[in-house]
Structure formats: structure tokens, C-alpha cells
Amino acid sequence: MALTGIQIFKLTPKKNCKECGCPTCMAFSMKVAQGALKIEQCPHLSEEAIASVKEAAEPPMKTIKAGVGDQELAFGGETVLFRHEKTFVSKTRYAVALCTDMEDSVIKAKIQEIPKVDYERIGERMYTEMVYVDCGADADAKTYTALVEKACTLGRILILGCKNAKIAKSALEICKDLKPILNGADASNYQEMSALAAQAGVVLGVSGKDIDEIYDTTAAIEKLGNRNLVIDVTGGSIKETFANAVMIRRGALKEQDRTCGYPSIVNLAKAAKGDHHMQTALASLFTMKYGSIIVMEQMTYAEALPLFGLRQNIFTDPQKPMKVEPGIYLLNGADENSLVVTTVDFALTYFVVSGELERSGVPVNFAINDAGGLSVLTSWAAGKFSGSSIAKFIQEQVEPKVKCRRLVIPGKVAVLKPDLEEKLPGWEIIVGPREAVQLVKFMKEM
Ligand code: SF4
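What counts, and where the lines are drawn
- Residues numbered from 1 in each chain as written.
- Predicted model: local features only at pLDDT ≥ 70, side-chain atom pairs only at ≥ 80, totals over all residues.
- Helix = DSSP H or I, 4+ residues; strand = E, 2+ residues; numbered from the N terminus.
- Buried ≥ 20, exposed ≤ 12 C-beta atoms within 10 Å, placed from the backbone.
- Contact = placed C-beta atoms within 7 Å.
- Domains from an automatic or database assignment.
- Near = placed C-beta within 6 Å.
- Nonpolar A, V, L, I, M, F, W, Y, C, P; charged D, E, K, R; others polar.
- Expected span 1.5 Å × (residues − 1).
- Axes fitted to C-alpha atoms, helices over the stretch in contact; angles between N-to-C directions.
- Parallel < 35°, antiparallel > 145°, perpendicular 65-115°, else oblique.
- Left-handed = near helix turned anticlockwise from the far one by under 90°.
- Pairing = 2+ DSSP bridges.
- Right-handed = clockwise from strand over helix to strand, strands pointing away.

1. Points about the overall build of the protein chain
Okay, step 1: Scanning the protein chain from terminus to terminus reveals 17 helices and 17 strands.
Okay, step 2: Based on the C-alpha atoms only, the size of the protein chain along its principal axes is roughly 80 × 75 × 35 Å.
Okay, step 3: Burial analysis of the protein chain (446 residues in total) assigns 41% to the buried set.
Okay, step 4: A separation threshold of at least 6 residues defines the contact pool for the protein chain, and within that pool the share at least 24 residues apart is 64%.

Structure follows, in C-alpha cells:
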């Protein structure tokens with residue numbers, strides 16, 4: 001927990017020498033507590049005092065990174081337990097599990113299946129970002145490294161599920177430059193695993209037979225100086241896994257216990273083995289509470305569409321409307337003579353309507369008004385998508401660039417037609433359909 005001004009004041013030498021730029025040590029301490037000044041600005045503080053203030057100022061949950069280049073992802077860094085308090089920071093990421101115990105044909109099918117889910121929704125690429133490579137109990141280094149090599153071809157961030165340090169070392173030799181997560185430390189091997197992960201510069205995953213063992217092992221690894229960790233909260237049952245995930249997150253954010261302050265892995269391929277429907281249902285639960293990485297046996301479109309949609313809703317700022325840049329978007333090879341279709345800048349409206357317009361194949365100047373990122377009816381009700389605002393936008397932004405004088409407005413604001421006809425002389429105002437799904441037929445008939 002961050003120190004108060006009084007607590008920081010107790011650490012100062014109380015010389016009131018003004019060398020920090022403040023008239024007194026107390027004034028300096030207050031400014032440090034507010035984050036306005038850095039503790040190092042007092043030259044008379046001991047190294048221990050500086051270290052303790054810095055440690056106290058660290059966020060309760062660490063941000064951990066894995067992967068390289070464009071593939072690098074951040075996990076954790078959360079500051080609140082509930083989305084209504086503040087925006088969640090790092091999205092839950094999904095991994096598909098491969099295991100040395102699987103038949104070659106199954107592994108091959110999964111490797112072919114993973115890249116198939118790759119699409120865009122509201123400007124965000126949706127795909128399986130991670131692959132969990134599990135080392136079965138009977139696997140040797142050769143079998144495991146062969147599977148890791150195959151997984152590397154997918155170009156996803158790997159999680160090496162391996163508790164055998166010797167085998168893990170062989171696997172890291174192949175993929176350490178891709179900065180995978182080595183999920184292999186437990187009470188029996190944490191020293192060896194921590195050294196291995198630190199040497200390879202990768203994140204270490206910590207697991208245990210119960211929450212106490214997970215906690216003690218994490219604390220022991222921290223004592224070794226390794227804080228580049230994630231906590232595998234997967235327990236012996238679904239109930240225990242959920243309890244572990246909640247306790248770890250509450251420990252970090254509510255109790256401010258930094259040993260709990262790491263992102264989590266929830267392995268549903270283990271907790272609900274063989275039950276794909278249950279895994280999907282649980283993945284939605286752990287997306288909300290509190291899985292940083294969720295491992296599943298498969299991620300086809302059947303799992304991806306609801307999960308990625310849910311994730312997109314959870315990990316956005318509820319106070320900030322999702323909007324696109326107002327302006328003219330040329331669809332289907334539109335030019336200055338093409339029809340003008342207008343709507344609001346709410347991102348979901350833009351992507352749904354532009355998708356249908358593209359499907360129609362009709363060249364369109366898609367004119368997006370600045371409506372404060374609200375939907376059609378909401379912005380109309382708020383006065384942000386009115387006859388005046390649309391007319392102003394058309395006159396200032398569209399008329400200088402487009403010769404066509406036919407404007408399609410959303411069917412839900414058909415009431416604006418007379419006002420627009422008055423404010424935009426020379427324009428033919430056409431009322432479009434109420435629903436985007438009717439646009440293809442409407443455009444083709446026009
Ligand atoms: S430099 Fe340090 S000792 Fe001097 S007034 Fe500032 S806080 Fe106090």
C-alpha cells in the first residue's frame with residue numbers, strides 16, 4: 001500500500017534544508033505521497049528509505065509481459081476488483097492446449113484449427129493468442145521438444161506446461177527467444193525452475209496442491225529475487241479453481257498482499273477435461289473473475305464468438321463510448337459520384353452498417369457524423385444527431401468532396417427528413433431501413 005505523507009516524513013532526516021526545492025521535509029513528504037515529486041529528490045535519504053518508499057508506491061498487481069515484437073502481450077496490472085469501479089487493464093488471453101499425450105493426428109488437427117479463428121470485431125483482431133504445450137507424465141525431452149517445435153510454427157505465445165527442469169531446459173533452448181511462459185514451478189522444484197526461467201529471461205508460472213502451497217511457493221520464489229511470475233490457480237476441482245482465482249485477486253487488490261499480485265493462469269483443459277461446453281461456460285466466468293490466461297482444449301468459432309465478444313465488453317472503459325473517426329469512408333470503390341449514406345460514429349454502428357454496405361457491393365460514400373460515440377437513437381435523443389448537426393456536417397465535410405446529392409439517412413431517424421430537406425437544398429433525402437440487416441436488399445434495389 002502506498003505510504004502516506006506522514007509515513008514518508010518519518011523516513012526523512014528532518015533537516016528542513018530546502019535542497020529538494022520544498023521549504024520543509026513535511027512539505028516534501030506530502031508532495032511525494034501525492035506523486036508530485038520523486039523521493040530521490042532529497043539527497044539525504046538512506047538507500048533503504050528510498051527503496052521502502054518505492055516499493056510501497058508500486059501497484060498492488062504487477063504487469064507481466066510475455067512474447068516478443070508484435071506478439072508481446074501484457075498481463076495483470078489491475079487496480080480494481082470490479083469493472084464499475086475503473087476500467088480493467090489487461091485483457092484475458094485464451095490459449096489452446098496441446099499435450100504430448102495426444103495422438104499425432106489430434107495434434108495435427110489442432111494445429112490446423114487454431115489459425116482458422118481470426119477475425120476483426122469493432123476494430124480489434126480476435127484470434128487465439130496463446131498455445132499451452134503440456135508435457136505429459138511419460139514424455140521425454142525428445143517428445144516434448146518435438147511438440148514445442150510444432151507449436152512454434154503457429155506464431156503464438158507459448159506456455160510451457162512442464163515441471164521437469166531437464167525437459168523444460170531443452171524446450172527453452174528452442175523457444176526462449178520467443179519469450180514463452182514456463183509454467184512449471186511448484187513446492188518441489190521452485191529453486192531449479194526459478195533459476196531456469198531467470199536464466200532464459202522468461203516468466204515463471206507457479207502452481208501448488210492448494211492455495212496455501214501456491215502462496216508459500218510464490219513467496220519463496222520472491223525471496224530468490226524472481227518477481228517475473230504468473231500464478232496457476234487451477235485446483236483439483238472447478239470450485240477450488242474459482243476460489244483460488246478470487247482469493248488471489250482479492251489478496252492482491254483488497255489486502256494489498258504483493259505475493260498475490262501476479263496475473264493468473266486458469267487451465268480449463270484440466271479443470272473440465274473433455275467437456276468443451278463446460279469449458280466455454282467456465283471461460284466466460286473466468287474472463288470476468290479473474291483469469292489472466294485461460295487454457296482450453298479448443299477454440300473454434302463456436303467458443304470464440306461469445307468469448308471474444310464478452311471480453312471486448314468487459315475490457316473497455318464503460319465511461320468512454322467506443323467511436324470511430326468522423327469523416328467520409330469510401331466503400332466498394334466509391335468516388336465523388338457515388339451515393340452518400342450517413343450514420344453516427346458509435347463503433348458498433350459503424351462496423352455493422354459498413355459490413356452490410358460492403359456486402360451490397362454498391363459504391364458508397366459512408367459519411368460518419370460526430371455524434372459523441374452514441375448510437376443512432378441515443379444521439380438523436382441527446383440532440384447530437386439532429387437535422388442541424390447532419391446538415392452542418394454534410395455542408396462542411398461532404399459537399400466539397402462529393403458531387404452526388406442523394407443522402408440516405410437511418411430509418412430510425414426518418415423524422416429528420418423534412419428538416420434535412422429544408423436545411424440541405426438541392427439534396428434528395430432518402431430514408432434508409434431501420435435495421436442494418438435490411439441494407440443489402442435496400443441498396444441493391446436502389
Ligand atoms: S532535501 Fe531532504 S532533508 Fe532537506 S528539506 Fe528536503 S526532504 Fe528535508
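Picking up after the structure, the text goes on.
2. Observations concerning the domain arrangement of the protein chain
Okay, step 1: With domains assigned, the protein chain is organised as domain 1 (5–57), domain 2 (63–314) and domain 3 (327–445).
Okay, step 2: Each of domain 1 and domain 2 has a C-alpha centre, and these two points are 40 Å apart.

3. Considerations on the site of the ligand
Okay, step 1: Close to the ligand lie 13 residues, the nearest being Lys 15, Cys 17, Cys 20, Cys 25 and Cys 42.
Okay, step 2: Of the residues belonging to the shell around the ligand, the class tally is seven nonpolar, three polar and three charged.

4. Quick word on helix α12 (residues 301–314)
Okay, step 1: Taking 1.5 Å of rise per residue, the 14 residues of α12 would be expected to cover 20 Å, and the 19 Å separating its terminal C-alpha atoms lies within 8% of that figure.
Okay, step 2: Elements that come into contact with the buried residues of α12 comprise β3 (93–99), β4 (118–121), β5 (124–127), α11 (276–288) and β12 (293–296).

5. Considerations on the packing of helix α5 (residues 141–152) against helix α6 (residues 165–175)
Okay, step 1: The contact between α5 and α6 brings their axes to 9 Å, and the two run at 30°. When the interaxial angle is binned, α5 and α6 end up roughly parallel. Considering only the axes of α5 and α6, their crossing is right-handed. Together, Ala 141, Tyr 144, Thr 145, Val 148, Glu 149 and Cys 152 of α5 and Lys 166, Ile 167, Ser 170, Ala 171, Ile 174 and Cys 175 of α6 make up the contact between the two elements.
Okay, step 2: Within the contact of α5 with α6, the residues separate by chemical class into eight nonpolar, two polar and two charged.

6. Focus on the pairing of strand β11 (residues 264–267)
Okay, step 1: Burial along β11 is two-sided: Ser 264 and Val 266 facing one way and Ile 265 and Asn 267 facing the other are all buried.
Okay, step 2: Strand direction decides the pairing type here: strand β10 (residues 229–232) and β11, joined by two bridges, are parallel. Opposite Ile 231, over in β11, you have Ser 264 as the bridge partner.
Okay, step 3: In the classification by handedness, the crossover that spans β10, the intervening helix α9 (residues 238–253) and the parallel β11 is right-handed.
Okay, step 4: Two elements, β11 and β12, share three bridges in a ladder whose sense is parallel. Pairing of Val 266 across the sheet is with Ile 294, part of β12.

7. Structural notes on the sheet that holds strand β7 (residues 157–161)
Okay, step 1: Here we have eight strands rolled up into a closed barrel, ordered β3-β6-β7-β8-β9-β10-β11-β12, and parallel in their pairing. Strand-to-strand twist in this sheet, taken as the mean axis angle between neighbours without regard to direction, amounts to 25°.
Okay, step 2: Taken together, the four bridges between strand β8 (residues 181–185) and strand β9 (residues 203–206) define a ladder with parallel strand orientation. Bridging across to β9, Ile 181 finds its partner in Val 203.
Okay, step 3: Set on the sheet, helix α7 (residues 190–200) makes contact with β8 and β9; between it and β8 the angle comes to about 165°.
Okay, step 4: Against the sheet, helix α8 (residues 211–223) makes contact with β8, β9 and β10, and its axis sits at roughly 150° relative to β9, the strand it touches most.

8. Quick notes on the pairing of strand β16 (residues 406–409)
Okay, step 1: Where strand β14 (residues 339–343) and β16 come together, two bridges link them in parallel fashion. Counterpart to Val 341 in the pairing with β16 is Val 408.

9. Observations regarding unusual backbone geometry
Okay, step 1: That bond from Lys 289 to Tyr 290 is cis: its omega, -25°, falls within 30 degrees of zero.
Okay, step 2: Assignment of secondary structure puts Tyr 290 in the loop between α11 and β12.
Okay, step 3: The backbone phi angle of Lys 179 is positive, close to 50°, even though this residue is not glycine.
Okay, step 4: With respect to the helices and strands, the residue Lys 179 is situated in the loop between α6 and β8.
Okay, step 5: Here Asn 332, not a glycine, exhibits a phi torsion of approximately 55°, which is positive.
Okay, step 6: Judged by the 15 C-beta atoms lying within 10 Å of it, Asn 332 falls in the partly exposed class.

10. A word on the packing of α11 against α12
Okay, step 1: Between α11 and α12, the least distance of the axes is 10 Å, while the angle of their chain directions is 10°. The angle between α11 and α12 falls in the class roughly parallel. Judged by residue contacts, Thr 280, Ala 283, Ser 284, Thr 287 and Met 288 of α11 engage Glu 303, Pro 306, Leu 307, Leu 310, Arg 311 and Ile 314 from α12.

11. A short note on the sheet that holds strand β13 (residues 327–331)
In a beta sheet, neighbouring strands are held together by backbone hydrogen bonds and run either parallel or antiparallel to one another.
Okay, step 1: Sheet architecture is open: five strands sit in the order β13-β15-β14-β16-β17, paired in mixed fashion. A strand with exactly one partner marks an edge of an open sheet, and here the two such strands are β13 and β17 (428–431). Neighbour-to-neighbour, the strand axes of this sheet turn through a mean angle of 30°, independent of strand direction.
Okay, step 2: Relative to strand β15 (residues 364–368), β14 is paired through five bridges, and the arrangement is parallel. Paired with Val 340 across the two strands is Asn 365, which belongs to β15.

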